[in-house]
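Working through the structure, step by step
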Amino acid sequence: RRDVLLWNGDIGISAMLGSLGLGLVYQNALSADDDEEAFAPRTVAGGLSYTTGSLVLAGDITAEIDDDDDAEFSFQTGAEYFLQNTYAFRFGYRYEPFIRGDGREDEENILSGGAGYITGDGAIDLGFFRSLDRSQNWQLLASVRVFM
């Protein structure tokens, strides 16, 4: 058994240019060795968003970088619509690779959605996601947030 002490850091930049949002991040930039990188792999990600009135459209792509220069990509895209600045409705799609229990590499397509009630004091959210490829991979999520 080996204990892994992980000190790490991310480097990122983001900007809003009118209705357009841009972001770029290098995550886990300080991974020290292979054991630590297994827990926190190095990734590079970029994202783009567009806001118009009550509608926000966004997407990003992430590349996991390993020493073999064999990057694995995942991407996400989604939309959020605010009704009367109080009710939020969300829908999204995510593609990501994963490793099955028997060690085989595979990929997965996931749909998500949700709704929220948001005030200046807090929010209540209900959301779900479900894999299109593995029917047993789904979650129903609820959260209550208090803004201070």
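Coordinates for the structure precede this section.
Here is a short report on the structure shown in this document. (Residues numbered from 1 in each chain as written. Predicted model: local features only at pLDDT ≥ 70, side-chain atom pairs only at ≥ 80, totals over all residues. Heavy atoms only, no water.)

**Here's the deal with the sheet that holds strand β7 (residues 105–118)**
For the record, the criterion: Strand pairing is assigned whenever DSSP detects at least two bridges linking the two strands. Helix and strand labels come from DSSP, where a helix needs a run of H or I of at least four residues and a strand needs a run of E of at least two; each type is numbered from the N terminus. Here the axes come from fitting lines to C-alpha atoms, over the contacting stretch only for helices, and the angles between their N-to-C directions go from 0 to 180 degrees.
One open sheet accounts for nine strands, arranged β1-β2-β3-β4-β5-β6-β7-β8-β9; its pairing is antiparallel. The open sheet terminates on both sides in strands that have one partner only, identified here as β1 (11–17) and β9 (138–146). For this sheet, the mean angle separating the axes of adjacent strands, direction not counted, is 10°. Pairing of strand β5 (residues 72–83) with strand β6 (residues 87–99) involves nine bridges; the strand directions are antiparallel.

**Focus: the side chain of Ser 131**
Inclusion rule: Pairing of N or O atoms within 3.5 Å defines a polar contact, subject to two protein rules: one partner must be a possible hydrogen donor and the other a possible acceptor, and residues neighboring in sequence count only if both atoms are side-chain atoms. For this analysis, residues touch if any pair of their heavy atoms sits within 4.5 Å.
With respect to the secondary-structure elements, Ser 131 resides in strand β8 (residues 122–131). Here Arg 134 takes part through its backbone nitrogen, which lies 2.9 Å from a polar atom of the side chain of Ser 131. Ignoring sequence-local partners within four residues, the contact set of Ser 131 consists of Glu 108, Asn 109, Ile 110 and Asn 137.

**Some details on the environment of Gly 78**
Among the structural elements, Gly 78 can be located in strand β5. Excluding anything up to four places from it in sequence, Gly 78 contacts Val 56, Leu 57, Ala 58, Phe 91 and Gly 92.

**Quick look at the environment of Leu 132**
When you line up the elements, Leu 132 lands in the loop between β8 and β9. The spatial distance from the C-alpha of Leu 132 to the C-alpha of Asn 109 is 5.5 Å, given a sequence separation of 23 residues. Those residues in contact with Leu 132, other than ones at most four positions away along the chain, are Asn 109 and Leu 111.

**Regarding the layout of surface pockets**
The probe, sized like a water molecule, is rolled over the atoms to show the empty space still left. Worth spelling out the cut-off: A pocket, in this scheme, is an open set of points on a 1 Å grid over the protein atoms alone with protein on both sides within 12 Å along at least 5 of 7 lines, while a cavity is a set where a 1.4 Å probe fits but cannot get out; residues line either one if an atom lies within 4 Å of a point. Grid points are joined across faces, edges and corners, and a volume is the space filled by probe spheres set on the points. Note on residue classes: Ala, Val, Leu, Ile, Met, Phe, Trp, Tyr, Cys and Pro are nonpolar, Asp, Glu, Lys and Arg are charged, and everything else, Gly too, is polar.
Volume-wise, the largest pocket comes out at about 270 Å³. Considering the residues around the largest pocket, the lining is formed by Glu 64, Asp 66, Asp 70, Glu 72, Tyr 95, Pro 97, Phe 98, Ile 99, Glu 105, Asp 106 and Glu 107. Mapped onto the lining of the largest pocket, the elements with two or more residues apiece are β6 and β7. Split by residue class, the lining of the largest pocket holds four nonpolar, no polar and seven charged. One number sums up the size of the second largest pocket: a volume of about 210 Å³. When grouped by side-chain class, the residues that make up the lining of the second largest pocket number eight nonpolar, six polar and three charged.

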